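For reference, the chains in residue letters:
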Amino acid sequence: MSTPEPAKPIDGVCWLTGASSGIGEALVADLVNEGWRVAISARSEDKLKALADKHPGKVFAYAVDITDDQAVAETVTRIEADHGPIARAVLNAGVYISINAESPSFEDYARTFDVNLKGAAACVCALTPRMCERRSGQIVIVSSATAFGGMPTSTAYGATKAGLLNMAEGLAIELHRYGVLVQCVTPGFVDTPAQDDNAFPKPFMVSAEIAAARICKGMGRKGFEITFPKRFTWALKLIYALPRDWHIALVRKQTGWNKPPE
Ligand SMILES: NC(=O)c1ccc[n+]([C@@H]2O[C@H](COP(=O)([O-])OP(=O)(O)OC[C@H]3O[C@@H](n4cnc5c(N)ncnc54)[C@H](OP(=O)(O)O)[C@@H]3O)[C@@H](O)[C@H]2O)c1
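The structure reproduced in this document is the subject of the present report. Along each chain, residues carry numbers from 1 onward, in the same order as the chain's sequence is written. Under the rules for a predicted model, residues below a pLDDT of 70 receive no local features and side-chain atom pairs below 80 are neither given nor counted, while totals for whole chains, interfaces and linings still include all residues. Think of the side-chain values as coming from all heavy atoms in the structure, minus any hydrogens and water.

## Brief notes about unusual backbone geometry
Working note: non-glycine residues mostly have negative phi, and peptide bonds are mostly trans.
Reasoning step 1: Between F228 and the following residue, P229, the backbone shows a cis peptide bond with an omega angle of -15°.
Reasoning step 2: For the purposes of this entry, the term helix denotes a DSSP run of H or I that reaches at least four residues, the term strand denotes a run of E that reaches at least two, and both are numbered from the N terminus. Considering the arrangement of structural elements, one finds P229 in the loop between strand 9 (225–228) and helix 7 (230–241).
Reasoning step 3: Although it is not a glycine, T153 sits at a positive phi angle of roughly 65°.
Reasoning step 4: One can find T153 in the loop between strand 5 (137–142) and helix 5 (157–175).

Here is the structure:
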């Protein structure tokens, strides 16, 4: 059985979560340029409406909080009733909350797990039965290069992104025989509002527009992983391929966490 084909605009509508800002907002224009009708979701209704108004008849706002699984299921039902089958779903909504181990916040852990992991699970649960029945579809899960291995201050975010990469791999294995293509995006640093609170050095950071272009290109192909900028993400992959004691020591040194606390 050959790898499922990427979805095409003629197959139905594209559903994009996290569309009100950053990478998601930049993706909207690229998807429209490729001929897609796009159903966009996030919590900020005003931002979604303003974005939809820029692309009349092509972009449609569906505000939803993805931590509410019932609301997510209803949104998917509404989108399909209004615009036909969701042929491609880009599960991009996410939060980054920096957590220090000296003074961690359980709420910050829980919030990160809720939005990034449970939110994606709510979307998957609403989508896969429909796609399996149709024997077609494309699900693109936005993870991060932090999925490759542990990073200081990313103990909640990195854990969710590693979870999402694992979730996407499992889905790619299961859904192949239903003709559903599953892909995972593992970007390095992207210049978006999510990075405003990240005091970490950000080597090889790319703009949201470049990230969107790379994601669109990858979604038009069959490859499982869409990763960029490769000089950064491949270097990280190499570091994390070392024995764990070695890469933990190396990352500790490279990030400055080998120095005594002040
Ligand atoms: N920026 C980076 O360096 C980077 C690197 C690797 C991966 N990523 C990933 O790329 C994705 C997009 O990030 P970004 O950098 O573009 O961040 P961003 O500008 O902060 O955008 C995040 C989006 O997620 C939405 N969102 C947050 N909580 C939500 C909720 N409970 N329900 C529905 N929507 C919610 C936000 O909309 P509302 O606030 O309106 O709900 C917003 O549209 C995330 O998954 C992020 O982890 C980012």
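This is not the end of the story, as more comes after the structure.
## Digging into the side chain of T192
Reasoning step 1: Within the secondary structure, T192 is located in the loop between strand 7 (190–191) and strand 8 (206–207).
Reasoning step 2: You can call T192 buried: its relative accessible area is 11%. Note on classification: 1.4 Å probe, protein chains only; a residue is buried when its accessible area is under 20% of the maximum for its type, exposed when over 50%, partly exposed between these limits.

## Structural notes on the packing of helix 3 (residues 69–83) against helix 4 (residues 106–134)
Reasoning step 1: Geometry is summarised by axes, namely lines fitted to C-alpha atoms with helices restricted to the contacting stretch, and by angles between N-to-C directions that run from 0 to 180 degrees. Where helix 3 contacts helix 4, the two axes come as close as 7 Å, and the packing angle between them is 40°. In this view, helix 3 runs oblique relative to helix 4, as classed from their interaxial angle. Taken as a pair, helix 3 and helix 4 cross one another with a handedness that is right-handed. Contacts between helix 3 and helix 4 involve D69, V72, A73, V76, T77 and E80 from the first element and A122, C123, A126, L127, R130 and R134 from the second.
Reasoning step 2: Class assignment for the residues of the contact of helix 3 with helix 4 results in seven nonpolar, one polar and four charged. Note that the term roughly parallel is reserved for angles under 35 degrees, roughly antiparallel for angles over 145, roughly perpendicular for angles of 65 to 115, and oblique for everything else. By convention, the crossing between two helices is left-handed when the near helix turns anticlockwise from the far helix through less than a right angle, and right-handed when the turn is clockwise. Here a residue-residue contact requires only that any non-hydrogen atoms of the pair lie within 4.5 Å. Only Asp, Glu, Lys and Arg are considered charged, only Ala, Val, Leu, Ile, Met, Phe, Trp, Tyr, Cys and Pro nonpolar, and every remaining residue, Gly among them, polar.

## Here we look at the packing of aromatic side chains
Reasoning step 1: The rule is short: rings of Phe, Tyr and Trp, with Trp giving its six-membered ring, pair when the centres are within 6.5 Å, and they are stacked under 30 degrees, edge-to-face over 60, tilted in between. A complete count under the given rule lists four aromatic pairs for this structure.
Reasoning step 2: Note on Y96 and Y157: the rings are 5.0 Å apart at their centroids and 80° apart in plane angle, and the pair reads as edge-to-face. One end of the pair, Y96, is in the loop between strand 4 (86–91) and helix 4; the other, Y157, is in helix 5, with 61 residues separating them in the sequence.
Reasoning step 3: For Y96, a relative accessible area of 15% translates into the label buried.

## Overview of the sheet that holds strand 1 (residues 13–17)
Reasoning step 1: Strands qualify as paired when DSSP identifies two bridges or more between them. Strands sit in the order 3-2-1-4-5-6-9 across an open sheet of seven strands; the sheet is parallel. With partners counted over all chains shown, the strands left at the sheet margins are strand 3 (59–61) and strand 9, one partner each. The mean inter-strand angle of the sheet, taken between neighbouring strand axes irrespective of direction, is 20°.
Reasoning step 2: With four bridges connecting them, strand 1 and strand 2 (residues 38–41) associate as parallel partners. Counted as the bridge partner of L16 is I40 from strand 2.
Reasoning step 3: Running over the sheet, helix 6 (residues 208–219) touches strand 4, strand 5, strand 6 (180–187) and strand 9 and is turned about 155° from strand 9.
Reasoning step 4: Relative to strand 9, helix 7 is tilted by about 110°, and along the sheet it contacts strand 6 and strand 9.

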